[in-house]
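# Descriptive analysis of the structure
Residues per chain, in single letters:
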Amino acid sequence: ALAGHDGAVLDDRHLLHCAGGQNGGLGRVDNGDEVLGVEHAEAAAKAEAAGDVNRTVELLEKALKHGEEPAVLNRFGVILAMKKKEFTRAQKLLERATELDPKNPAYLHNLSKVLGLHASVQGQSRDSAPPPSSPGRFWQWLRRLRPSS
């Protein structure tokens, strides 16, 4: 199972609003670009709840054009991996979410799951895509979270 931005465990059927905040949504901000990003992210959550994966992807792409919100990057990566099997692109989004918020265990969990799913799919396919970019960065992030002995 993959995890949401708040650490809640998800499976590919569980729908999660794509961003954080006390009410489950991104907080409104004064910057017009960020407001547009929030609106696209909220519309994407509604499209996802309605089961419209292609519209969800389109809206999340628009949201990211207005700024990189780690929760949006995380949700987008999960959707690409679970619904569209676009593991390489999902990995890049999850790596970026982890770069922006390296102490968020949900992002690390999802990145590790996507790397594992990708490896599993590659093992089942004769004509698999090249392996994902270096998972070494993931382990570097993970080491930063663990206290030194």
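Residues numbered from 1 in each chain as written. Predicted model: local features only at pLDDT ≥ 70, side-chain atom pairs only at ≥ 80, totals over all residues. Heavy atoms only, no water.

Turning our eyes to something else, we now look at the nonpolar core. In globular proteins that are soluble, nonpolar side chains generally tend to be buried together. In terms of nonpolar packing, the biggest core is built from 25 residues, with Leu60, Leu64, Val72, Phe76, Leu80, Leu93 and Val114 touching the most fellow members. Elements with a minimum of two residues in this core: α1 (32-49), α2 (53-65), α3 (70-83), α4 (87-100) and α5 (105-124). If you tally residues by element for this core, the top one is α3, at seven residues. In this structure, Leu80 is in contact with Val57, Lys85, Glu86, Arg89, Ala90 and Leu93, ignoring residues within four places of it in sequence. (Core = buried A, V, L, I, M, F, W, Y, C linked by side-chain atoms within 4.5 Å. Buried < 20%, exposed > 50% of the residue type's maximum accessible area, 1.4 Å probe, protein only. Helix = DSSP H or I, 4+ residues; strand = E, 2+ residues; numbered from the N terminus. Contact = heavy atoms within 4.5 Å.)

Moving on, we get to the confidence of the model for the chain. Chain-level pLDDT for the chain is 75 on average; 60% of the residues reach the 70-or-more range. Segment residues 10-30 is flagged for pLDDT under 50; beyond a separation of four residues in sequence, or across chains, it makes 47 contacts in the model. Contacts from residues 126-132, a stretch scored under 50 in pLDDT, to residues over four places away or in other chains number nine contacts. (pLDDT = per-residue confidence, 0-100.)

Mapping Gly37 onto the fold places it in helix α1. A residue is classified by how much of its surface remains accessible, and Gly37, at 8% relative accessible area, is buried. As a C-alpha pair, Gly37 and His66 span 29 residues in sequence and 5.0 Å in three-dimensional space.

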